Every structure is written in structure tokens, then in C-alpha cells.
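Listed below, chain by chain, are the residues.
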Amino acid sequence: KELKIRDVRSVVPQGLTGEDSAAFMRVFVDRWVVKQLKLQEAETLFSSSAADIDKMVEEYRQALLIRKLDQHYVDRSIDTVFTDDEIAAYYNAHKADFKLDRPIVKGRIVRFTEGYRQAAKLKTLMASKTEAQQQDFRDICEKNDFTISDFRDQWVDFSDFLSYLPTPRSQSYDPLLASTAVQEMRDSHSHYYFQIEAVRREGEPIPLERLRGTIRRILFNQRKGEIIRAHEEELCARAAEMGEVKIFADEKPKKDE
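A short tour of the structure in this document, coming up. (Residues numbered from 1 in each chain as written. Predicted model: local features only at pLDDT ≥ 70, side-chain atom pairs only at ≥ 80, totals over all residues. Heavy atoms only, no water.)

**With respect to the environment of Q135**
Next up, step 1: Position of Q135 relative to the elements: it lies in helix α6 (residues 131-143).
Next up, step 2: It is 78 Å that separates the C-alpha atoms of Q135 and A249, two residues lying 114 residues apart in sequence. (Helix = DSSP H or I, 4+ residues; strand = E, 2+ residues; numbered from the N terminus.)

See the structure below:
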């Protein structure tokens, strides 16, 4: 085996000059030598397996070519846009396949300094259903720099919700899920009001909002499969019409076949 200087120069990264270029070439040559020696030893040790290796290489080459062909037709034909109606339709038809393995919630938490004099008012405003009082609640929190963790517009794992509260992991807090009222906790420095407005329990269907990305991938793979199957059917039909394929399904093979 021979390694020409032009072969090494063709792989030197652009921008390398002087000593850096020479160092790269030395490393490349050393690796090339090791590769050739290992190949030589492998061919000696595994000469009896050469046919099997050639078969594996050919099967891999064929698989790569077919995958490249399939991707060619997919890229040329696929529509990657999925409407909300399509996503909802798939969700409704397969809802039983999507089950929660843990409870999830929507809710809100406010953390404020222990001893705050208007704590009772804050709790009343937080529980209010009117927009005016909700605005008062937000104004008080902003004025006093209270920390609000708002998860009312998204589902979060109940365990993640609890991580914003002074809750030791060793205890169970499932009873908190039974109420939509404003509840409270304390630690040595802070007071917490929290409200769980919606709950999905373990075993219930996963909400659609959490599955849009997953369903898009499923629908994409379905469309991809349909395009590949349609091309295969067209390919077979055209080959049969042109006489390129003939299957002798009813003929009995000869002894040596």
C-alpha cells in the first residue's frame, strides 16, 4: 500500500499552514499506517469469513441506496403542514393510547415575606374571579416584589409544581389535588399561597396541548410511509407492464434450483 503526498494534502483543513499543517500530516500518516496494518491482520485472521463480510457490505450498500431513493421521493412530494383539525382528529381517534403516568396540573403560586400585613387581602384577591380584583392582585405582587409562578396556561407535572413550594419529597401531597381553593404553606422565611385550578390524574388521557409535537411526528411518518408505498406500487406496475419483472408463481422448481 502506498500513501501519496497529494492524498494527504487533499485532506488538510483549509487555513492550516507551517508547523500546524506538518503536524496534521504526521498524525494523518500515522493513523493511515495503523489502519493498513489492522486491515492486513484482519484479512489474514478472518479470511474464511470474507464471503460473509462481502455479503454484509453489499446488503448495507443496497440498504443505503434504497433509503436514499425513498428519501428522494419523500422530499419531492411530502406536505409537512398539519392543520389543527387533522391533529385533533388523530388525537380523538387515538386518545386511549395516550395515558398519563403521573398527575399534571394547572395553577399559580405566589411567594411573599412572612408577616406581610395584608396577607388576608392578598388571599381574597387571588381567589377572586373578577378581572378587576385579579389586576389588584397583580399590582400588589408587583409593588411588593412578590414572586409569582404562573402555570395556568400550561400543564405541568404535579411534582414540578410542588418544587416551587416548601414540600419535602418524602411526603405525599395528593390530597392537595382535591381542592381548587387557594391553599397555603410556610417555611422559616416565606409564606406561600397556591391554587390548583385544573388536574389530570394518572391514567387519564394526556391533554392535546402536550401531544401536538408527538402527533405531528406520527402524521409525518404516516405520510412518509404512504409516499414510499405509492412509489413502490408504481415501480412494480411499471416494471410488470414493461416486462422487466416476471414471477413464476405456479411453476415447480427443478431439483438444482
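**Considering α6**
One turn of an α-helix holds 3.6 residues; hence residues three or four places apart share an orientation.
Next up, step 1: The terminal C-alpha atoms of α6 lie 18 Å apart, and with 13 residues this matches the ideal 18 Å at 1.5 Å per residue to within 8%.
Next up, step 2: Of all the residues in α6, the buried ones are Q134, F137, I140 and C141. Angular distribution of buried residues about the axis of α6 spans 120°; they occupy a single face of the element. In this structure, α6 carries E131, A132, E142 and K143 as exposed residues pointing more than 90 degrees from its buried face.
Next up, step 3: Buried residues in α6 make contact with β1 (104-113), α5 (119-127) and β2 (147-150). (Expected span 1.5 Å × (residues − 1). Buried < 20%, exposed > 50% of the residue type's maximum accessible area, 1.4 Å probe, protein only. Arc of directions from axis to C-beta. Contact = heavy atoms within 4.5 Å.)

**Section: the pattern of salt bridges**
Next up, step 1: By the definition in use, this model includes 15 salt bridges.
Next up, step 2: Measuring nitrogen to oxygen at the nearest pair gives 2.9 Å for the salt bridge that ties E19 to R26.
Next up, step 3: Judged by relative accessible area, which is 47%, R26 ranks as partly exposed.
Next up, step 4: We note a salt bridge from E184 to K123, for which the minimum N-O separation is 3.0 Å. With E184 in strand β4 (residues 182-186) and K123 in helix α5, this residue pair connects regions lying 61 residues apart in the sequence.
Next up, step 5: When salt bridges with common partners are traced through the structure, they connect D101, R102, D157 and R210 into a single cluster. (Salt bridge = Lys/Arg side-chain N within 4 Å of Asp/Glu carboxyl O.)

**Notes on the pairing of β4**
On any regular strand, side chains alternate: one points to one face of the sheet, the next to the other face.
Next up, step 1: For β4 and strand β5 (residues 190-200), the ladder comprises five bridges, and the chain directions are antiparallel. The partner of Q183 across the bridge, within β5, is F194.
Next up, step 2: A loop of three residues connects β4 with β5, the two strands running antiparallel in sequence. (Pairing = 2+ DSSP bridges.)

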